[in-house]
Amino acid sequence: MIYISLCSVQHNTMKQSFGGGRMGLDIRIKDLQLHHVPGSRINAQFRAGEIVGIAGANGAGKSELLRMIAGILRPKSMGEILIDGLDPFHGRDLEKLHRRIGFAQQSPKDTMVFSRMIQDAPFGPENQATPPEVIRKRWEGLKERLMTGIPEDQPFETLSGGQQQKAALVSVLMLRSKILLLDEPTSMLGRREGREVEKLLLKLAKRSEQTVLLVSHDPEILRQADRVFLLTDGELMQLHKSEVEAALSHIRSEKPKSGADAQATGGSGESGGSGKTTIANPLDQFIYETQSSPRVLSAPTETLTANPSVRWVMMKRPDLATPLIVLKDVSVRFGKKNVVEHFSAAVCPGGYYELTGGIGSGKSTLCKLMNGTLFAKSGEVTVGGVRLPMAGQKRKSAFGLFGKKMPGLGEVRRFAGYAMQSPEDQLFETSVIFDVMYGPLRAGRAAMEARQDAESALRELEVPEALWDRRPEHLSAGEQRRVAIAGILAMQPQVLILDEPYAGLDTQGCRIIDKLISDYVNQGRAVVMTRHV
């Protein structure tokens, strides 16, 4: 979120000018060059009060464009942005624009300032000298619409990804900004809930006559915008609303077609001039069965009734062999709240399982239990034949599939690799290739072998070699997600745990994940994936 300094908000004239947030502002972009898109040259004009949808492949520069409009980034070497005549690259103008722009970034953690929702929501309006009674009214209205079931005083880091995203949206909407920048604002929500939230955002924006730039991969919500643009090859091309779905279905994450070719096909096409192709979903081969069918050895099967907020669904029948992971009657508590209660399930070789449920239902918590990142309050958790301790307990020696006495937690986590819901929490090295090599190196592999493992994983996730030497924080969110998964894949775990792996990915990125899951389970290993209902 963009905020102004506390020392410059005392004058009533400022309160009168910017407190209401009515009437959007026009945005003019001329010859803008993006940092990581060679040859980019963006020209566009967005009218005051207009809702504009922006689509494009992962890495096309959508988030970077919004950050430049918000004044967070400057152009690489050329270009101009004027917002109601103000220049976001000029210091004095930027201070004025910070009062007029609300920016919900793709990562909710980049939007929030305070650690608790009750502190963060009023912070922006208070800086704008908004009267307390107005702040209170806004808060009550937004809390009722977006924060149902989310404790307002719970620490932000203990919220689920979807809850964090809603909390960040509330903080931005509290500002009633003249311009609203929304970067994949519902990527961590389920499809149905996400569309409801997006419709609410557009409804509120139209009521306040805000200028809105909405980045999304969802054709249905994009068609509700006044105009839709496709960002491809460093250019913005306007699409007819009938072309949106075709454009999103065929853009590739590596390199879209040139502007002329994309216009000829309605903004669609595969890279390299290969034309349109139909890629069958490799997951269609799998058998869909719920855990309520007692097929997973002797593991208890009362999952659906004992923990109704989350469902354990067996998507592919596993081999009847020794389980890789067993959860038996586990419960987890955060503060006074039970997040998981009496949950039981088993992961077997060759199995593909999905954890489904709404935001805050405990899906990520269960992933962490299976990986030894988090410990249960009660019950039993066994990974690789080794029983993990409960929260607060000391670890005991035991024998398991690891072939030796109780391993360290690092070895447990290499056996059950966990790709986090927020990839930025997982990426920390100075380059993509070093980040993906980190796990194999920690496992004791030689540098050359670790490099080979990393390159193999990056190629399987189709991360272009041009990105391997780039800093992870300079990637798009979709690229970061694939790199984070590659980092887990490079360790070759027996169980691959994917927490919302499709969030923020374009169509091609989703197909890559589909193929990865299919190949993994067909090799006799196992995959556990979370998915929103």
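All figures in this text were calculated on a predicted structure; none of them were measured in a lab.

Reading guide: rules and limits
Residues numbered from 1 in each chain as written. Predicted model: local features only at pLDDT ≥ 70, side-chain atom pairs only at ≥ 80, totals over all residues. Heavy atoms only, no water. Helix = DSSP H or I, 4+ residues; strand = E, 2+ residues; numbered from the N terminus. Buried < 20%, exposed > 50% of the residue type's maximum accessible area, 1.4 Å probe, protein only. Contact = heavy atoms within 4.5 Å. Patch = residues over 30% accessible without salt bridge, like charges linked within 9 Å, V, L, I, M, F, W, Y side chains within 5 Å. Areas by Shrake-Rupley, 256 points an atom, 1.4 Å probe, with all protein chains shown as cover. Salt bridge = Lys/Arg side-chain N within 4 Å of Asp/Glu carboxyl O. Lys, Arg positive; Asp, Glu negative; His and termini not counted. Charge placed at Lys NZ, Arg CZ, Asp CG, Glu CD. Phe/Tyr/Trp six-rings, centres within 6.5 Å; stacked < 30°, edge-to-face > 60°. Axes fitted to C-alpha atoms, helices over the stretch in contact; angles between N-to-C directions. Parallel < 35°, antiparallel > 145°, perpendicular 65-115°, else oblique. Left-handed = near helix turned anticlockwise from the far one by under 90°. pLDDT = per-residue confidence, 0-100.

Student: Before we move on, can you summarise the environment of Gly504 with the specific residues and values?
Tutor: Checked against the element boundaries, Gly504 lands in the loop between β18 (495-498) and α19 (507-522). Under the relative-accessibility criterion, Gly504 is labelled buried at 10%. Note: C-alpha distance between Gly504 and Gly478 (26 residues apart in sequence) is 5.3 Å. Setting aside its immediate chain neighbours within four residues, Gly504 contacts Asn58, Gln106, Ser187, His217 and Gly478.

Student: Tell me what's going on with helix α14 (residues 363-371), and back it up with residues and numbers.
Tutor: Most of α14 is tucked away, with eight of its nine residues classed as buried. Of the positions making up α14, those classed as buried are Lys363, Ser364, Thr365, Leu366, Cys367, Leu369, Met370 and Asn371. A positive phi of about 75° marks Gly372, the residue just after α14.

Student: Go over a positive patch on the surface, please, and point to the residues and values.
Tutor: There is a patch of like positive charges on the surface, built from Lys137, Arg145, Arg176, Lys203 and Arg207. Elements with a contribution of two residues or more to the positive patch: α7 (132-146) and α9 (191-208). Examined against the element boundaries, Arg145 turns out to sit in helix α7. Residue classification places Arg145 among the partly exposed positions, given a relative accessible area of 44%.

Student: Help me get a handle on the packing of aromatic side chains, residues and values and all.
Tutor: Remark: the centre distance and the inter-plane angle together describe each pair of aromatic rings, the angle taken between the planes. Counting across every chain of the model gives five aromatic pairs. Between Trp312 and Phe343 the ring centres are 6.1 Å apart and the planes differ by 75°, which places this aromatic pair in the edge-to-face class. On the criterion of sequence distance, the pair formed by Trp312 in strand β11 (residues 310-316) and Phe343 in strand β13 (residues 337-347) is long-range, its members being 31 residues apart. One exposure class covers both Trp312 and Phe343, and it is buried. Pairing Trp312 with Tyr353 gives two aromatic rings, centres 5.1 Å apart and planes at 25°, and the pair type is stacked. Here Trp312, found in strand β11, pairs with Tyr353, found in strand β14 (residues 352-357); they are 41 residues apart in sequence, far enough to count as distant. Three or more aromatic residues joined by ring pairs form one cluster here, namely Trp312, Phe343 and Tyr353.

Student: Help me get a handle on the packing of helix α16 (residues 432-442) against helix α17 (residues 447-460), residues and values and all.
Tutor: Following both chains from N to C, one finds α16 and α17 inclined at 120°, their axes separated by 8 Å at the closest point. Here α17 runs oblique to α16, going by the angle between their axes. α17 is crossed by α16, and the crossing has right-handed handedness. Side by side, α16 and α17 meet where Val432, Ile433, Val436, Met437, Pro440 and Leu441 of the first sit next to Ala447, Ala450, Arg451, Asp453, Ala454, Glu455, Ala457 and Leu458 of the second.

Student: Quick rundown of the confidence of the model for the chain? Include the residues and the values.
Tutor: Summarising the model, the chain shows a mean pLDDT of 81, and 81% of its residues fall at 70 or more. Taken as a whole, residues 1-22 scores under 50 in pLDDT and shows 53 contacts with residues more than four places along the chain or in a different chain. Overall, residues 252-279 carries pLDDT values under 50, and its contacts beyond four positions in sequence, including any with other chains, amount to 59 contacts.

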